[in-house]
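# Summary of the model geometry
Here's the letter readout for the chains.
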Amino acid sequence: MKIPAAVHCCSIVWVFPLLLSVLHTATVQKNDIDIYSLTVDSKVSSRFAHTVITSRVVNKADAVREATFQVELPKKAFITNFSMIIDGVTYPGNVKEKAAAQEEYSAAVQRGESAGLVKATGRKTEQFQVSVNVAPSAKVTFELVYEELLMRQLGVYELLLKVQPKQLVKHLQMDIHIFEPQGIRFLETESTFITNELEDALITSQNETKAHIRFKPTLSQQQKFPGKEDTILDGSLIIRYDVNRTLSGGSIQIENGYFVHYFAPEDLPTMPKNVIFVIDNSGSMTGRKIQQTRESLIQILNDLSPRDQFNLIVFSGEATQWKSSLVPASAENVQEATSYAASIRAQGGTNINAAMLMAVQLLESSNRAELLPSQSISIIILLTDGDPTVGETDPTRIQKNVQEAIGGQYSLFCLGFGFDVSYTFLEKMALENNGLARRIYEDSDSALQLQDFYQEVSSPLLSAVAFEYSSNAVEAVTKDNFRIFFKGSEMVVAGKLQDKDLDVLSAKVSGQMHMQNITFQTESSVAQQEEEFQSPKYIFHNFMERLWAYLTIQQQLEQIVSAPANKSQALKTQALNLSLKYNFVTPLTSMVVTKPEGQEESVAEKPVENKNTEKRIFLGGHKPFKSHAKGARLSKLKARFPSMYHGPPPPLPNRHYTPQRTREDSLELPLLSPIVEQMAPSGPHQAVVHGAEVQIEETTQTHPPQAPFQAPAIILPLPAPTVDRLCVEIKRSQGPLNLFSDHDQGLEVTGQYEMEKAGFSWIRLIIKNPQLQVHATPERVVVTRNRKSSAYKWKEPLYSVLPGLKMTMDKRGLLLLNGTDKATIGVLPLDGPGKGLLLLLRDTDHFSSHINGTLGQFYKDPLWIPPETGGDSRRILRVQGMDYSATRELKLDYQEGPPGTEISCWLVEL
């Protein structure tokens, strides 16, 4: 590892070679094991997805080779089947109770062999892996089947499929069939690997109730470089959609004696809420964690409704409340709370018990004083990154104290920041108090994760929701009482039809709105529903029965977490029996994978969230890797890379640094040699590396400041009939600027221009149809759709198709948004540290006559006037009564990305 001779920056990345997880569909030795066919077939019937992944490989070597089948699947999915076909013989996977499976592979464990074939790999995925020895010229077929119920979040269902073959595949095909009897309201696709060259390989067809997405690239389309075996396919294909809804908000669907009732009423007023934010500011939150917490909290406070009431509690060794009682979310109070949130600093221990009891007491006192609006919703949101270390430290006692204090009156949502926190402790405490727990992953978008979670619970529409069905008509019904219904979510109830001769299934859903009770009535014809689910192409057999079993098991597993001991065992038995009956790999079962004689059996188990197995470090958006290599594994690393483990890291030129550990257990690997990137030498700096704080002090300045970079012009292609272009140069920092505003097009573009960055420091695009916001900075792109925000890095492929709009980004970093009969807007980051953003335009003839803005004005009937002197190289440009001097000059056009093309244009300065 080489350190540059001249160091200008303080961005530090700790590199741990060998530990970075490489995830793919089949691990092969190049030119030996060849994947000649890889297919993914996913059928989504009424939100229930049944996915089959089939990989066919052949050993081209003249000796035995090991083939590894490796797939990522959603965390919420249950594996239902796996098999291998070798030389015409099928070797199946058998689902058994964990205790029974244990006996079959305990010998392998004692030999030091890995028993688990499924492990958590990311925020939303798990990895399944199995290996088998393959004889020369022999072929093997791997087939994995998994199922999941797509849950509605922030107004969308999402189907996630991973594509990572790691080699060119002669026959590669993905087929996604969606059937929704309610009707498909909108359908979107997004990919992190599809490029313009692969655009033709993705075909989407759709009618009122059905959709088919097919991805079938040729060998040449898969190639990263012509003539090379490297593949461009490495990423995710995401399908997002929503369905149509009736005024009743409900839909009952029936198939083969089972029913499922979906309930998501629209157009209800949001109920006022009383929310207390309980924020951990202990020493372990130092650095990026507390910074992102402040950032997200400020955004959340500004999203509060004026009808809401709120308060803040911050805690370390002691708990401190911002105000003595809950206060209305007025503009003045929100502004004061924002200033308070911006001042939060991290220090001290972690007293969760005191903070939680203080939060409950605040709600209790406000309730006694009749300060809480009638039928409003009261919630507590706890954010912490560690276990309790001060005051009451016994997790069981804290859980009991909190449950007794809340007494079933309020909902508690627990957010665990990072992997040092005991997630099981938070999950139990949340589920015991009518809430849920969520992991916040320590990464560059942690603030967005916090904001997205808040968006999920920010708009309660109903409380005390209860489902009732025709007398003696149904049995074995899943959970049918819910405390709160939030906007953008969906309640799902499933069960069996008890009356075999039933003609119509009737349902009544009751709930409380802010000032009144409300009842929804829904009916469904059994015969009509049975007929609707007969299409063999789109429907897999008995899917609704399997949906009922899946939902029942998921709810029973959730109940086990918070149930007392006497009920927990009964729930486990019920969930285990269903898992075995329907062949689901759940936390209570394991799949024993048989292999040819002489090869040991393997076992697949479903991982669960906990502190030890889930601990990870995320660096700069890279894939996660384990952070607890010890003993033999560490010895192997030292043996392979001795120079990295012997002696101190090389010194940083002209600086010194002192690692300061903020948590004893935050980093168990030795600190390896850092890669130091360029920074501007301007005084002391800090860098936080997941618990290890590095203080960097400036000692000398060896390089004089560089001259400011000359900003490229903003090139405005002029509409037909002219083919000329106008170049606009901004000569001073300005902003925020309203650059374009075209209400007919439903487009607004704003930005802030900074001379020091030689471009825009941020650009925001708001599109009305479909509703979309894009906020670009030199660091990243944040896309907000349906109240959910997603962050993307520059120069990483992005291909997103929305109704009437396409958003793409290529490896050059060129982000484009274009749609039918719409102007195309582009954003491009300038290369180099401290540089800004360029704004690009195409298809400007689609701007309407009502366009306005700092740049939009040049499209409102511009008048060119020849000056009295200056010849052909000078003009006067008159726009809306303003005269601009324009000169003919040569400028670089970045429309196609760097290094740009020299063009001639008319230049005006702002």
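Residues numbered from 1 in each chain as written. Predicted model: local features only at pLDDT ≥ 70, side-chain atom pairs only at ≥ 80, totals over all residues. Heavy atoms only, no water.

### Observations concerning the sheet that holds strand S33 (residues 602–605)
Let me state the cut-off plainly: Criterion used throughout: strands pair if DSSP finds at least two bridges between them. Secondary structure follows DSSP: runs of H or I at least 4 residues long count as helices, runs of E at least 2 residues long count as strands, and numbering of each begins at the N terminus. Note on geometry: axes are C-alpha line fits, over the in-contact stretch for helices, and angles between N-to-C directions span 0 to 180 degrees.
If you trace the 10 strands from one edge of the open sheet to the other, you get S14-S15-S12-S3-S4-S10-S6-S7-S32-S33, paired in mixed fashion. Strands at the two margins of the open sheet, each flanked by one partner only, are strand S14 (202–206) and S33. Strand-to-strand twist in this sheet, taken as the mean axis angle between neighbours without regard to direction, amounts to 15 degrees. The sheet contact formed by strand S12 (residues 171–179) and strand S15 (residues 210–215) spans six bridges and is antiparallel. Across the sheet, Ile176 pairs through a bridge with Ile213, a residue of S15.

### Regarding the state of the cysteines
Selection criterion: What counts as a disulfide here is a pair of cysteine sulfur atoms lying within 2.5 Å. The buried label applies to any residue whose accessible area, calculated with a 1.4 Å probe on protein chains only, is under 20% of its type's maximum; exposed applies above 50%, and partly exposed to all values in between.
One pass over the structure, following the stated rule, counts one disulfide. Across a sulfur-sulfur distance of 2.0 Å, Cys727 and Cys905 are joined as a disulfide pair. When the S-S torsion is -115 degrees, as for the bridge of Cys727 with Cys905, the disulfide is left-handed. Remark: Cys905 occurs in strand S56 (residues 901–909) and Cys727 occurs in strand S41 (residues 725–729); sequence separation between them is 178 residues. Taken individually, Cys727 and Cys905 each receive the classification buried, so the pair is uniform in this respect.

### Some points on the environment of Thr121
Considering the arrangement of structural elements, one finds Thr121 in the loop between strand S8 (118–120) and strand S9 (125–134). What makes Thr121 buried here is its relative accessible area of 8%.

### A word on the packing of aromatic side chains
Stated formally: Any two rings among Phe, Tyr and Trp, with Trp reduced to its six-membered ring, count as a pair given centres within 6.5 Å; such a pair is stacked if its planes are under 30 degrees apart, edge-to-face if over 60, and tilted if neither. To sit over a ring, a charge needs its Lys NZ or Arg CZ within 6 Å of the ring centre and within 35 degrees of the ring normal.
Throughout the structure, instances matching the rule amount to 31 aromatic pairs. The rings of Phe48, Phe78, Phe179, Phe533, Phe540, Phe543, Tyr550, Tyr582 and Phe584 are connected pair by pair, giving a single aromatic cluster. In this structure, Lys323 is placed above the aromatic ring of Trp322, and the distance from its NZ or CZ to the ring centre is 5.1 Å.

### Concerning helix H5 (residues 352–368)
For clarity, the cut-off: A helix's residues, less one, multiplied by 1.5 Å, set its expected span.
Taking 1.5 Å per residue, 17 residues should reach 24 Å; H5 reaches 24 Å between its end C-alpha atoms and fits that length. Looking only at H5, the buried set comprises Ile352, Asn353, Ala355, Met356, Ala359, Val360, Leu362, Leu363, Glu364 and Ser366.

### Description of the environment of Thr209
Note the following rule: Contact criterion: two residues are considered in contact whenever any of their non-hydrogen atoms come within 4.5 Å of each other.
By the secondary structure assignment, Thr209 is in the loop between S14 and S15. Separated by 28 residues in the primary sequence, Thr209 and Pro181 place their C-alpha atoms 5.6 Å from one another. If we skip the residues at most four places from it in the chain, Thr209 touches Ile178, Phe179, Glu180, Pro181, Gly183 and Ile184.

### Focus: the packing of H5 against helix H6 (residues 395–406)
Rules: Orientation categories follow fixed angle ranges, with anything under 35 degrees roughly parallel, anything over 145 roughly antiparallel, 65 to 115 roughly perpendicular, and all other angles oblique. Residues are sorted three ways: Asp, Glu, Lys and Arg are charged, Ala, Val, Leu, Ile, Met, Phe, Trp, Tyr, Cys and Pro are nonpolar, and all the rest, Gly among them, are polar.
Their axes nearest at 10 Å, the elements H5 and H6 cross at an angle of 5 degrees. Judged on the interaxial angle alone, H6 and H5 are roughly parallel. Taking contact as the criterion, the partners of Ile352, Asn353, Met356, Leu357 and Val360 in H5 are, on H6, Ile398, Asn401, Val402, Ala405 and Ile406. When the residues that make up the contact of H5 with H6 are grouped by side-chain class, the tally is eight nonpolar, two polar and no charged.

### So, the pairing of strand S4 (residues 48–59)
Burial of S4 is extensive: 11 of the 12 residues sit out of reach of the surface. In this sheet, S4 lies alongside strand S3 (residues 33–45) in antiparallel orientation, the contact comprising 12 bridges. Residue Ile33 lies in a different strand from S4, and its bridge partner there is Asn59. Taken together, S3 and the strand that follows it, S4, pair antiparallel across an intervening segment of two residues, in which Ser46 is found at a positive phi of about 50 degrees. One ladder, built from 11 bridges, connects S4 with strand S10 (residues 139–149); its direction is antiparallel. Note on S10: the bridge partner recorded for Ser55 is Phe142.

### Quick word on the sheet that holds strand S54 (residues 874–879)
With mixed pairing, six strands are arranged side by side in an open sheet as S40-S41-S56-S55-S54-S53. What marks the edges here is a single partner per strand, and that holds for strand S40 (714–717) and strand S53 (863–865). When the angles between neighbouring strand axes are averaged without regard to direction, this sheet yields 40 degrees.

### Observations concerning the side chain of Lys891
Formally: Nitrogen and oxygen atoms within 3.5 Å of one another constitute a polar contact, given that in protein one can donate a hydrogen and the other can accept it, and given that sequence-neighbouring residues count only through two side-chain atoms.
In this fold, Lys891 is placed in strand S55 (residues 882–893). Take Lys891: its relative accessible area is 17%, and that puts it in the buried class. Of note is the side chain of Lys891, whose polar atom sits 2.5 Å from the side chain of Glu729.

### Let's talk about the confidence of the model for the protein chain
Going by this rule: pLDDT measures the predictor's confidence residue by residue and takes values from 0 up to 100.
Per-residue confidence for the protein chain averages 83 on the pLDDT scale, and 83% of its residues sit at or above 70. Segment residues 1–29 is flagged for pLDDT under 50; beyond a separation of four residues in sequence, or across chains, it makes 106 contacts in the model. Segment residues 611–710: pLDDT under 50, and 221 contacts once partners within four positions in sequence are set aside and those in other chains are kept.

### A short note on the nonpolar core
In plain terms, the rule: Put simply, a nonpolar core is a bunch of buried Ala, Val, Leu, Ile, Met, Phe, Trp, Tyr and Cys residues held in one set by side-chain atoms that sit within 4.5 Å of each other.
Phe69, Ile79, Phe82, Phe128, Phe142, Ile178 and Phe215 are the most contacted members of the largest nonpolar core, which totals 59 residues. A per-element tally of this core places S3 first, with five residues. With sequence-adjacent residues up to four places away left out, Phe142 is seen in contact with Ile53, Thr54, Ser55, Val57, Ala67, Phe69, Phe82, Ser83, Met84, Val130 and Val132. Counting residues in each nonpolar core, the second largest holds 47 residues, with Leu739, Leu805, Ala823 and Ile851 among its members.

### Section: the pairing of strand S19 (residues 273–280)
Burial analysis of S19 places eight of its eight residues in the buried class, the great majority of the element. Across the two faces of S19 the burial is the same, with Lys273, Val275, Phe277 and Ile279 and Asn274, Ile276, Val278 and Asp280 all buried. Strand direction decides the pairing type here: S19 and strand S20 (residues 309–315), joined by seven bridges, are parallel. Residue pairing across strands places Ile279 opposite Val314, the latter belonging to S20.

### Observations regarding empty space enclosed by the protein
Rule in force here: For each structure, a 1 Å grid was placed over the protein atoms alone; sets of points admitting a 1.4 Å probe that cannot get out are labelled cavities, open sets with protein on both sides within 12 Å along at least five of seven lines are labelled pockets, and lining residues have an atom within 4 Å of a point. Grid points are joined across faces, edges and corners, and a volume is the space filled by probe spheres set on the points.
The tally for this structure, following the rule as stated, stands at eight cavities of 30 Å³ or more. Quantified by volume, the second largest cavity comes out at close to 150 Å³. In terms of lining residues, the second largest cavity is bounded by 16 residues, among which Glu188, Glu190, Arg240, Arg785 and Ser790 are the most central. Counting only elements with at least two residues in the lining of the second largest cavity, the list comes to strand S13 (184–191), strand S46 (781–785), strand S47 (788–792) and strand S48 (798–802). Take the lining of the second largest cavity: its biggest share by element is three residues, from S47. Here the residues of the lining of the second largest cavity are counted per class, giving seven nonpolar, four polar and five charged.

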